[in-house]
2 protein chains.
Amino acid sequence: MATIKDVAKRAHVSVATVSRVINNKGYVNEETRLLVVEAIEALNYVPNELARSLFKKQSRIIGVIVPHMTSYYFAELIEIIENFIIEEDYHVMVCNSRDDFARESKYLKVLQQYSIDGILLVSNTHRIHDYQDLKVPIVAIDHHLSDHIPSVTSNNIQGGILAASKLIEAGCTEIIHFRGPSILPTVQDRTTGFRSIMDKHRVAPNSFDLAFKDPDPQEILSCLEKLPNVNGIFCDSDVIALSVIQCLKQLGKNVPEDVQVIGFDNIELAQMITPRLTTISQNKEQIAQTAVSLLMKLIQKQPIEATHIEIDVNLVERETTQ
Amino acid sequence: MATIKDVAKRAHVSVATVSRVINNKGYVNEETRLLVVEAIEALNYVPNELARSLFKKQSRIIGVIVPHMTSYYFAELIEIIENFIIEEDYHVMVCNSRDDFARESKYLKVLQQYSIDGILLVSNTHRIHDYQDLKVPIVAIDHHLSDHIPSVTSNNIQGGILAASKLIEAGCTEIIHFRGPSILPTVQDRTTGFRSIMDKHRVAPNSFDLAFKDPDPQEILSCLEKLPNVNGIFCDSDVIALSVIQCLKQLGKNVPEDVQVIGFDNIELAQMITPRLTTISQNKEQIAQTAVSLLMKLIQKQPIEATHIEIDVNLVERETTQ
DNA sequence: TTGTAGGCGTTATCAT
DNA sequence: ATGATAACGCCTACAA
């Protein structure tokens, strides 16, 4: 690997001059510039980013911590986030915390060690202190962690409202809300929104907690059997909805004729399955863009307007409701 | 951020001593060691990985380049790969090439700049020269790029054979193979295996190329309409299979009564949809493990036994075949 | 306009 | 057992 010294030698100039042409900084005569460029190409020189980062104390790397990668929603979100980050000429280091606090802490430490410039955190844990101690700019996604940490989430209350309204409107009378773990603020908000509409229509929905990613079919089945007259179901993720639909079929119920189902997230697969899934769509594009631009402002020490931003969701009606 | 100097000062020792305790290397008196440890904790010191990497010329980072992250198969694969890499005490930098050669090259360069220790490459491109010039250890996954680059793939021929055998055995007579882009060796191998069995039974399958990730339903529909008597379909990915099943329903055909369908990959969702998808399962766990251990050997300059390794696949029979 | 030299935070090779 | 010190590759005052 050629270094800046090699280039300097070959171009018969000093390293300082080479550095100047690399960074387009300071005065440098056009002729010598050409000489240097030539040497750079001849040697196939690429600056060592580690040395550069060491000096500048910034790495142009953004750490993205997610609880899962195979959670389809997150996979899709990450891809979009990466897009925006690349546009800012930064790079992404994806870290999978596996919803495990120890791993998350470890990553937080590792990211610091690499002089990461900023962190995008998607986390279900609530060890707020740890994040606050960090001197690295950080933006939370999908969860509002604390008032001191800027965050971007979907408007989950609105999501609950939209789902409830649709179900009511579609004539459902006996309703289940299969939600995520109800300790999560996200889930609580959705529940609040959902209940507000149900209350208004004097319907008392039954809520059951499930895992977002690996809902247990046995559990779903037993809930379903307990409430044989259910005709409307709201699920806190599309994956949960898939499982629910499967259980419903297993019990001989047709979707949407007997039971109507609404998911959450609008993952790409939602429209590839049969019947195509009606769902509350999270605006991944806007979530990603907002979070990245917030983080960039933080990194550049620009003032930010709001510490918590909620992105509108919308109902995408497909074939599991009527 | 405290540095090694700060720690040295506080512990009243030299930086050399601090370095020794950090790395558990060389002689250091137990008493002074304790002193140093104390200082480290008091200052909340974490070694700067950039400086360390700069000196050692290795970063303990593995770059993983994938063509997509939202391709569910890759997302699942990445997660498993990450597991194995973490076990080796390395870190992962995930790079999404978006199947674009320019982006892939860019990443290759960036990874070099960060003194990445090794690369795991999942690529559909064929610019072999670029990889060979790289002095970084590299292992290809899912595609056999060249004899000089170690690679790990599924036994795709076997996959084709398994699918064909099952379809024949299940009594299918009019058969379609919806495959991926047929320029890909992966796809060619599956086709070879598939055809070999078909030939033996004097069945002439119809092959159509589709995109792995975003198969066009219009295209699928028109193929299906051209061959109204089809009763067996082999798809080169589960995602393609989903689309096909959807089109089939649209044409009023039942799966598996009228048409039997086999997918490829065995993504987690394959068993969550209705009907549960019969598919050729790629052994992601073993692919990941093999690739990582190959890469580790390369990094440690150990000899490797085989340059190309194929991992067995197996047929998982579910509800789209009978 | 260009070059010299010191420093970024570590590690490792010497001495001591 | 411990401490100076020279790298690692780069950037930037400051000097020339």
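> Explain the sheet that holds strand S3 (residues 118–121) of chain B to me, using residue names and the numbers behind them.
All names here are of chain B. Read from one edge of the open sheet, six strands run S2-S1-S3-S4-S5-S11, paired in parallel fashion. Single-partner strands in this sheet number two, and they are strand S2 (91–96) and strand S11 (308–311). Between one strand and the next, the sheet's axes are offset by a mean angle of 20°, whatever the strand orientation. Pairing analysis gives four bridges linking strand S5 (residues 151–154) to S11, with the strands arranged parallel. Bridge pairing in S11 links Ser151 to His308.

> Give a detailed account of the relation of the copies chain A and chain B, specifying residues and quantitative values.
Of the transformation superimposing chain A on chain B, the axial component is 0.0 Å and the angular component is 180°, with the fit at an RMSD of 0.1 Å. Here the transformation between the copies is reduced to the relation of a two-fold axis. Within chain A, the C-alpha atom positioned nearest to the axis of rotation is that of Met93(A), 2.5 Å from it. Most of the interface of chain A is mirrored in chain B, where 100% of its interface residues again form contacts.

> Break down the protein's contact with DNA strand D for me, with residues and values.
Neighbouring residues of DNA strand D: 26 residues in total, closest Ile4(A), Arg52(A), Arg20(B), Asn29(B) and Lys57(B). The share of sugar and phosphate among atoms of DNA strand D within 4 Å of the protein is 68%. At 2.6 Å from a phosphate oxygen of DNA strand D is found a side-chain nitrogen or oxygen belonging to Arg52(A). Measuring from a base oxygen of DNA strand D, one finds a side-chain N or O atom of Arg20(B) at 2.5 Å. Looking at the surface near DNA strand D, the elements with two or more residues in it are helix H2 (15–23) and helix H4 (49–56) of chain A together with helix H2 (15–23) and helix H4 (49–56) of chain B. Tallying contributions element by element places H2(B) first for the surface near DNA strand D, with four residues. Residue composition of the surface near DNA strand D, by class: 13 nonpolar, nine polar and four charged.

> So, the protein's contact with DNA strand C: which residues are in play, and what are the values?
Contacts to DNA strand C come from 26 residues, most closely from Arg20(A), Asn29(A), Thr32(A), Ile4(B) and Arg52(B). Asn29(A) has a polar backbone atom sitting 2.6 Å from a phosphate oxygen of DNA strand C. Within the side chain of Tyr45(B), an N or O atom sits 2.7 Å from a phosphate oxygen of DNA strand C. Split into classes, the residues belonging to the surface near DNA strand C amount to 13 nonpolar, eight polar and five charged.

About the cut-offs
- Residues numbered from 1 in each chain as written.
- Chains lettered and ligands numbered in written order.
- Predicted model: local features only at pLDDT ≥ 70, side-chain atom pairs only at ≥ 80, totals over all residues.
- Heavy atoms only, no water.
- Pairing = 2+ DSSP bridges.
- Helix = DSSP H or I, 4+ residues; strand = E, 2+ residues; numbered from the N terminus.
- Axes fitted to C-alpha atoms, helices over the stretch in contact; angles between N-to-C directions.
- Least-squares fit on C-alpha atoms with pLDDT ≥ 70 in both.
- Contact = heavy atoms within 4.5 Å.
- Near = heavy atom within 4 Å.
- Polar contact = N/O pair within 3.5 Å; in protein donor to acceptor, adjacent residues only side chain to side chain.
- Nonpolar A, V, L, I, M, F, W, Y, C, P; charged D, E, K, R; others polar.

Geometry only, nothing functional implied.
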